[in-house]
Amino acid sequence: MKRWVYKLIALVSLGMAVLGILLPGLPATEFIVLAAWAAAKGSPRIYAWIMSWSYCRNMIENWQNGKVISRKNKIHSAISMLACLIILLVADVSALVVMIAVGGMLTGSYFIWKRPEQRQPCPD
């Protein structure tokens, strides 16, 4: 039963990651990392498939080896959040929704930009 739950989490997360690549404001990196984690526990086949994509493999290996987020991914996230904010402002969404979204974006940005961009060497 647990394996099916992990498989489901992996597949749903992969779907959300694909949407995150296409839609501004929806993260892709976090969903790819979540999908890899769940697939590693529930389906070695799905995990191998995810790791066969160099785009995903690099993100996952960076995260596994020091919770690293590359500068490129940080910039992509910032641009995506800015695009989402512009869409919200142009769509004339209520101020409350915009404030909640901005709060979420600021929280996400803070977390993303606090992560290292490359692995730190191990002290001897």
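Structural notes, computed from the coordinates.

Quick notes on the rules
- Residues numbered from 1 in each chain as written.
- Predicted model: local features only at pLDDT ≥ 70, side-chain atom pairs only at ≥ 80, totals over all residues.
- Heavy atoms only, no water.
- Phe/Tyr/Trp six-rings, centres within 6.5 Å; stacked < 30°, edge-to-face > 60°.
- Helix = DSSP H or I, 4+ residues; strand = E, 2+ residues; numbered from the N terminus.
- Buried < 20%, exposed > 50% of the residue type's maximum accessible area, 1.4 Å probe, protein only.
- Lys NZ or Arg CZ within 6 Å of the ring centre and 35° of its normal.

### A word on the packing of aromatic side chains
The geometry of an aromatic ring pair is captured by two quantities: the separation of the ring centres and the angle between the planes.
Stage number 1. Going through the model one piece at a time under the given rule, you end up with 3 aromatic pairs.
Stage number 2. A centroid spacing of 5.6 Å and a plane angle of 85° characterise the contact between Tyr-6 and Trp-37, whose relative ring orientation is edge-to-face. Placement of Tyr-6 in helix H1 (residues 2-22) and of Trp-37 in helix H2 (residues 29-42) is noted, with a sequence separation of 31 residues between them.
Stage number 3. Look at Trp-37 and you get partly exposed, because its relative accessible area is 42%.
Stage number 4. For the ring pair Trp-63 and Phe-111, a centre distance of 6.3 Å and an interplane angle of 50° mean the geometry is tilted. Of this pair, Trp-63 sits in helix H4 (residues 54-64) while Phe-111 sits in helix H6 (residues 95-114), and the two are 48 residues apart along the sequence.
Stage number 5. Since its relative accessible area comes to 39%, Phe-111 is described here as partly exposed.
Stage number 6. Just above the ring of Trp-4 sits the side chain of Lys-7; from NZ or CZ to the centre is 4.5 Å.

Purely geometric stuff here, so don't read any function into it on its own.
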